[in-house]
Amino acid sequence: MPKYAMVIDQRRCVACMACVVSCKKENEVPPEHFRTRVLEMVEGEFPKLRMELRSELCNHCDNPPCVANCPTGASYKREEDGLVLLKKYRCVGCKACLAACPYDARYINPDKGFADKCTFCEHRIKEGKEPACVATCIGKSRIFGDMDDAKSPVRVALQGAHAEVLLKHAGTQPRVYYIKKFSKPE
Amino acid sequence: MAIDLTRRKFLKISGAATVGATVALNLPDNFLLWAEEAGLVKATYVPTYCEICFWKCGAIAKVINGRVVKLEGNPAHPNSRGKLCARGSGGMGLLYDPDRIKTPLIREGKRGEGKYRKASWEEALAMVAEKMNKIKQKYGPQSMALFSHGCPTDHFLPLFSAYGSQNIGMPSFAQCRGPRDVGFELTFGENPGSPERVDMVNSKVVVLLGSHLGENMHNSQVQDFSEAVSRGAKFIVADPRFSIAAGKAHTWLPIRPGTDMALLLAWTNIIIKEGLYDKEYVHSHTNGFRELAASVREYTPEWAEQETDIPAAQIIETARLIGKNAPAVCIHPGRHTTWYGDDVQRTRAIAILTALLGSWGRPGGIFLATNATMPKLPAKPYPVIPTPPLNRGDFKFAGAEGVTQVIRTATLTGKPYPIKGWFVSGTNLMKALPNQQATLDAINKLDLLVVVDVMPYDTAMLADVILPECSYLERHDTLVVGKGKMMNVSIRQPVVPPLYESKPAWWIAKELAKRVGAGEYFPWNTYEDKMKSQCALWGVNYEELKNKGVVAFPDTAAPYFTATNPPEFKTESKKIELYSKELKEAGFDPLPRYVKHPQPAAGQFRLLYGRSPVHTFSRTTNNPELHELYPENEVWVNSKQAKALGLKNGDYAVLVNQDGVKSSKVRVKATERIREDSVYLVHGFGTTSKELKRAYRRGADDQGLVTRYAVDPICGSTGMRVNFVKLVKEA
């Protein structure tokens, strides 16, 4: 049973948006909606500045509030690999999941009325491919794999690196890890 | 249930008829993806190379029922390595843009009025040929000029050579890479190539002067950039703006614009003075070290501090960082280097520093191009023209790509002889050349302006005849012989048939050639015939190339100097020319020297411009996939200055330049990320073409504000960072 996860090595990200477009085309995300985004944040005053580039997407939480708050059972956590997915035919578009998700990862498909979000490209993983955003990531900042496999790229990336998750205190137990700083001192 | 209905509908369609292009085009992409997943249709994957920019990345198109649903990088291709940038991934936005030029068009109204009537190819080609023949009769063939960029050049250049004109102008020289190539050629005997042969993945220190890699999205180079950052290479980034690259840097030097030369010369001085240069390399391979050492002595760090606004201590510290890590230091040669008019000399200073560090031909510096070449197909020699071309002006060191604005000036003045026709393809001259009014005035003097393009950009909307080229996803183009670390050959082939009445450039060139008496120079029926002959000559299996998209020749790699690959320089002296005798003899400074450039007066800002990773100049501003991410540019202004002007983030403002030219309104980005003396725009926005329905007048056109330019006397390139603007709040 794989335990899929993603690592975002923020040192390598250049905010080029290749992931964003690739995701949109792979998953036919409707106009003005996105399953992933890249934030550019700068702190400090000229010329003492610090920049953070952060890709955000569904965290495929192990304690997913979207699933807990779904009244119809449309949102679910798949047992075999831990992906947080959605049975579209059960979704009534009530937006409870949108409100519950602290990561702003979901949207309502404007044509069809159901909620939608990142699936870690479940259809590609099935074929042995990486998620579209990972496959095209120019900086190899996005890394995907199985947390239970010591040789998988995610485990290798996390080894010896300081990684964080977003909104740890929310108790969602996310499966997207962020590497911010160099692991070894210069 | 919705899904069942769709499925039934699909089965009905596919059962009723063989699924033709018209049917397929009406099916939404999400339906096709679903149908594929449900096992109802099969996707095909066609390799080709991209032309959303000019990096020529190998791409693979996923096609379902005749529709391109996804574009991905070709893992075998060295420029993409399995990855495409946002623009490449959004390439089908060009293919399916409803604003495309669909048929040949002939102008009906006045020039610039935008009134056209549809014409048949036969009529349009006949009209262009007739006018070209008339110009040839009346003024001579050199009175037709070709402006081009990218792959169309490979087809129209032979047409022009056969027709009898060598007056070509590619903005890629005088408005972009020209001075850099010339500066390196004068020093090393060759230029750093495109893709630039920067060995960043092996560098310990990388210096970027204004190169905003990451925002300047050149696929494999940005991959190398991230790899270098991740491996712990120390980046020194000199940029008036806190770019993405600056955000990754070991040291960001927020340099005063126009003073990069002072920084380079001070670094050179320190590295020589402290003996940090590679003595053995300099002794064996260079000329003129003593003269160089003497000439940089005056450029002290204290002096440079005054010029650059960078503390002397920081200049010394970075010089040592560079010197102590040599030769694994890459001083990036830059790409768009037409800044201040002394640009050849600035890139000479970069080349000289590279030589002092012994970085040329060494790991972590600038690696060497493969010497391998491919033979040319035997061809009929082109006619010899008695009238010499005028496209290099008086610039002794101008490159073969020509100096665009020299042709413009000749068009305006009729001297040394008249230019009466322009043939434009793959470049939007109105957005590429400085001083738009001069371009417009020149165009108004023409007997013929033909534009071949996919989209109705600004320049197309001034043309007498517009010929619709099909997009790169619908055509064959030249086989690209790539020369990075090793030689490789890539193919572009149609992944879907051409839409509307659009035609590939090779076909347009061949058909025109027939009509101007040059048909014999295109002795093949289809472009594929030509490519097959080339492959046969080169020993490349054409079918394999078609299936894989790229064929590499690993045994052609020789990236570094070794015992079996000894240093060899293609200069006159066979050595690296720190001191340039060639320049001296032509009346220029043989060694780079600091020239002070004017700085903005109070209340003015220097206008800087650059790139967004999701756009290629003006070419992608109307692409629906990319427009969504960045629909209009914003003017970056330092937050203190913004506050003083009463401007907040998101307000609209206009820019007014020193000559009173006003931009269209543009949103303000008040930020700490830029110096107080400069403003910044992403290039290519604010189109005046109403036919680009999404992009029309969105954002500000930086080129419209570049009314002044500083011509480099060595190679004729136009320095365009010499304009000053005021920022005025728009009510």
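These numbers come from a predicted model, not from an experiment.

## Considering the overall build of chain B
Here comes step 1: Check the secondary structure of chain B and you find 26 helices and 27 strands.
Here comes step 2: In summary, chain B has a C-alpha radius of gyration of 26 Å against a globular reference of 27 Å for 731 residues, a match within 12%.
Here comes step 3: Along the first, second and third principal axes, the C-alpha atoms of chain B reach 80 × 65 × 65 Å.
Here comes step 4: When burial is assessed residue by residue, chain B has 58% of its 731 residues classed as buried.
Here comes step 5: In chain B, 73% of the contacts between residues at least 6 apart in sequence involve partners at least 24 apart.

## Re the environment of Met127 of chain B
Here comes step 1: Assignment of secondary structure puts Met127 of chain B in helix α6 (residues 121-139).
Here comes step 2: In this structure, Met127 of chain B is in contact with Ile106 and Val465 of chain B, ignoring residues within four places of it in sequence.

## With respect to the sheet that holds strand β14 (residues 448-453) of chain B
Here comes step 1: The sheet built from seven strands is open, its strands ordered β5-β4-β15-β14-β13-β6-β7 (chain B) with mixed pairing. With partners counted over all chains shown, the strands left at the sheet margins are β5 (116-118) and β7 (168-169) of chain B, one partner each.

## Some words on the nonpolar core
Here comes step 1: Judged by nonpolar contacts, the single largest core of 233 residues is most densely connected at Met17 of chain A together with Val450 of chain B.
Here comes step 2: By residue number, the principal contributor to this core is helix α11 (residues 260-273) of chain B, which donates 10 residues.
Here comes step 3: If we ignore the near neighbours within four places in the chain, the residues touching Met17 of chain A are Val38 of chain A together with Ala86, Pro613, Val614 and Leu629 of chain B.
Here comes step 4: Judged by nonpolar contacts, the second largest core, of 32 residues, contains Leu608, Val635, Ala653 and Ala670 of chain B.

## Description of the pairing of strand β15 (residues 465-468) of chain B
Residues and elements named next belong to chain B.
Here comes step 1: The alternating pattern of β15 places Val465 and Leu467 on one face and Ile466 and Pro468 on the opposite face, and all of these are buried.
Here comes step 2: In this structure, strand β4 (residues 105-107) lies alongside β15, joined through two bridges in antiparallel fashion. Bridged to Ile106 within β15 is Val465.
Here comes step 3: With four bridges connecting them, β14 and β15 associate as parallel partners. Paired with Val451 across the strands is Ile466, a residue of β15.

## Some points on unusual backbone geometry
Here comes step 1: With an omega dihedral of -5°, the bond running from Ser194 of chain B to Pro195 of chain B counts as a cis peptide bond.
Here comes step 2: On the secondary structure map, Pro195 of chain B appears in the loop between α8 (171-188) and β8 (205-209).
Here comes step 3: Residue Pro416 of chain B is reached from Lys415 of chain B by a cis peptide bond, and omega for that bond is 0°.
Here comes step 4: Inspection of the secondary structure puts Pro416 of chain B in the loop between α17 (404-413) and β13 (421-425).
Here comes step 5: At Gln173 of chain A, a position not held by glycine, the phi torsion is positive, near 50°.

## Quick look at the confidence of the model for chain B
Here comes step 1: Overall, the prediction assigns chain B a mean pLDDT of 95, with 96% of residues at 70 or greater.
Here comes step 2: In the predicted structure, residues 1-24 of chain B sits below a pLDDT of 50 and forms 15 contacts with residues beyond four places in sequence or in another chain.

## Quick word on helix α14 (residues 301-308) of chain B
All names here are of chain B.
Here comes step 1: Of all the residues in α14, the buried ones are Pro301, Ala304, Glu307 and Thr308. On an axial view of α14, the arc spanned by its buried residues comes to 115°, and they lie on one face.
Here comes step 2: On its buried side, α14 packs onto α11 and α15 (312-324).
Here comes step 3: Just downstream of α14 lies Asp309, where phi reads positive at about 70°.

## A closer look at the sheet that holds strand β21 (residues 634-638) of chain B
Residues and elements named next belong to chain B.
Here comes step 1: Read around the closed barrel, the six strands follow the order β20-β24-β21-β23-β22-β27; overall the barrel is mixed. Averaged over all pairs of adjacent strands, the angle between strand axes in this sheet comes to 45°, irrespective of strand direction.
Here comes step 2: Where strand β22 (residues 652-657) meets strand β23 (residues 666-671), two bridges bridge the pair, whose relative direction is antiparallel. Across the sheet, Tyr652 pairs through a bridge with Arg667, a residue of β23.

## Considering the interface of chain B and chain A
Here comes step 1: Chain B puts 37 residues into the contact, and the matching count from chain A is 31 residues.
Here comes step 2: Tallying contributions element by element places helix α9 (residues 219-230) of chain B first for the side of chain B that touches chain A, with six residues.
Here comes step 3: When its residues are assigned to classes, the side of chain B that touches chain A shows 16 nonpolar, 12 polar and nine charged.

## A word on the domain arrangement of chain B
How large an interface is tends to be reported as the accessible area lost when its parts come together.
All names here are of chain B.
Here comes step 1: Along its sequence, chain B is carved into domain 1 (2-95), domain 2 (101-170 + 402-469 + 504-523), domain 3 (192-370 + 572-585) and domain 4 (605-729).
Here comes step 2: Contacts between domain 1 and domain 4 engage eight residues on the former and 10 residues on the latter.
Here comes step 3: Within the residue set of the side of domain 1 that touches domain 4, elements represented by two or more residues are α4 (86-89) and α5 (92-95).
Here comes step 4: For the side of domain 1 that touches domain 4, the class distribution of residues is five nonpolar, two polar and one charged.

## Considerations on the packing of α11 of chain B against helix α16 (residues 343-356) of chain B
Residues and elements named next belong to chain B.
Here comes step 1: Viewed as axis vectors pointing N to C, α11 and α16 meet at an angle of 25°, and their least axial separation amounts to 10 Å. Between α11 and α16, the angle is such that the two are roughly parallel. In this structure, α11 meets α16 at a crossing whose hand is left-handed. Contacts between α11 and α16 involve Asp260, Met261, Leu264, Leu265, Trp267, Thr268 and Ile271 from the first element and Arg346, Ala349, Ile350, Ile352, Leu353 and Leu356 from the second.
Here comes step 2: When the residues that make up the contact of α11 with α16 are grouped by side-chain class, the tally is 10 nonpolar, one polar and two charged.

## Some remarks on the packing of α17 of chain B against helix α19 (residues 436-444) of chain B
Helix-helix packing is characterised by the crossing angle of the two axes and by the distance between the axes.
Residue and element names in this part refer to chain B.
Here comes step 1: Packing of α17 against α19 brings their axes to within 8 Å, and their N-to-C directions diverge by 50°. Here α17 is positioned oblique relative to α19, judged by the angle of their axes. Regarding α17 and α19, the two cross each other, and that crossing is left-handed. On α19, the residues touching Arg408, Thr411 and Leu412 of α17 are Ala438, Thr439, Asp441 and Ala442.
Here comes step 2: Broken down by class, the residue content of the contact of α17 with α19 amounts to three nonpolar, two polar and two charged.

Calculation rules
Residues numbered from 1 in each chain as written. Chains lettered and ligands numbered in written order. Predicted model: local features only at pLDDT ≥ 70, side-chain atom pairs only at ≥ 80, totals over all residues. Helix = DSSP H or I, 4+ residues; strand = E, 2+ residues; numbered from the N terminus. Rg over C-alpha atoms; globule rule 2.2 N^0.38 Å. Buried ≥ 20, exposed ≤ 12 C-beta atoms within 10 Å, placed from the backbone. Contact = placed C-beta atoms within 7 Å. Pairing = 2+ DSSP bridges. Core = buried A, V, L, I, M, F, W, Y, C linked by C-beta atoms within 7 Å. pLDDT = per-residue confidence, 0-100. Arc of directions from axis to C-beta. Axes fitted to C-alpha atoms, helices over the stretch in contact; angles between N-to-C directions. Nonpolar A, V, L, I, M, F, W, Y, C, P; charged D, E, K, R; others polar. Domains from an automatic or database assignment. Parallel < 35°, antiparallel > 145°, perpendicular 65-115°, else oblique. Left-handed = near helix turned anticlockwise from the far one by under 90°.

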